[in-house]
Amino acid sequence: MATEQASERRAAHLRSITVTSLASIAGIVAAFVSAAVVGTTDVAAKDQMGLAIMLAFVVVQIPLLRFIGYELDGVKDHLFVAFMTFSLWFITWGILLMNHVQV
């Protein structure tokens, strides 16, 4: 009985780590893709295409997580994935834009 509880906690912890890591990495990759496609000029900072690229990365993650075997249980999980991806994208792309990094 104690072994089953420990196993369930381990599986839940592994799921949390996987979902958070995938969302974070997707946000960082989305920022680099945004910088490569849109650019890092002052005009590029106002282009909506960067946001569309980030949204595409959010949409792609949902089936990918299901393929891996992790079911998202409702709105809370979907919002978490979207928020983490957006946050890392915003920070990373902001750094790339401020430094005019050429990707």
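Above this text is the structure in question.
Residues numbered from 1 in each chain as written. Predicted model: local features only at pLDDT ≥ 70, side-chain atom pairs only at ≥ 80, totals over all residues. Heavy atoms only, no water.

*Asks:* Where do I start with the overall build of the protein chain in this structure?
*Replies:* Scanning the protein chain for helices and strands turns up three helices and zero strands. Ordered by position in the sequence, the α and β elements of the protein chain form the string α-α-α. Expected size for 103 residues packed as a compact globule is a radius of gyration near 13 Å; at 17 Å, the protein chain overshoots this value by more than 25%. Viewed in the frame of its principal axes, the protein chain has a C-alpha envelope of about 60 × 20 × 20 Å. Put simply, the protein chain has 103 residues, and 31% of those count as buried. Sequence separation of at least 24 residues holds for 79% of the intrachain contacts in the protein chain that already meet a minimum separation of 6. Positive and negative side-chain charges of the protein chain, numbering 6 and 7 respectively, have mean locations separated by a distance of 4 Å. (Helix = DSSP H or I, 4+ residues; strand = E, 2+ residues; numbered from the N terminus. Rg over C-alpha atoms; globule rule 2.2 N^0.38 Å. Buried < 20%, exposed > 50% of the residue type's maximum accessible area, 1.4 Å probe, protein only. Contact = heavy atoms within 4.5 Å. Lys, Arg positive; Asp, Glu negative; His and termini not counted. Charge placed at Lys NZ, Arg CZ, Asp CG, Glu CD.)

*Asks:* Honestly, the pattern of salt bridges in this entry has me stumped. Any pointers?
*Replies:* Any two side chains of opposite charge can pair, on the condition that their charged atoms come close. Following the criterion strictly, the structure yields two salt bridges and no others. Between D77 and R15 there is a salt bridge, with the nearest N and O atoms lying 3.1 Å from each other. Residue D77 is located in helix α3 (residues 75-98), and its partner R15 is located in helix α1 (residues 2-38); the two are separated by 62 residues in the primary sequence. Between R66 and E71 there is a salt bridge, and its shortest N-O distance comes to 3.2 Å. (Salt bridge = Lys/Arg side-chain N within 4 Å of Asp/Glu carboxyl O.)

*Asks:* Explanation requested: the nonpolar core in the structure shown.
*Replies:* Where a protein is soluble and globular, its nonpolar side chains tend to be buried together. By size, the foremost hydrophobic cluster in this structure holds eleven residues: A30, A31, A35, V38, A44, M54, V58, W89, W93, L96 and L97. The set of elements that each furnish at least two residues to this core consists of α1, α2 (49-68) and α3. Those residues within four positions of V38 in sequence are excluded, and the remaining contacts are A44, D47, M49, G50 and W93. The next biggest cluster of nonpolar side chains, apart from the first, holds seven residues, and it includes V19, A23, L65 and M84. (Core = buried A, V, L, I, M, F, W, Y, C linked by side-chain atoms within 4.5 Å.)

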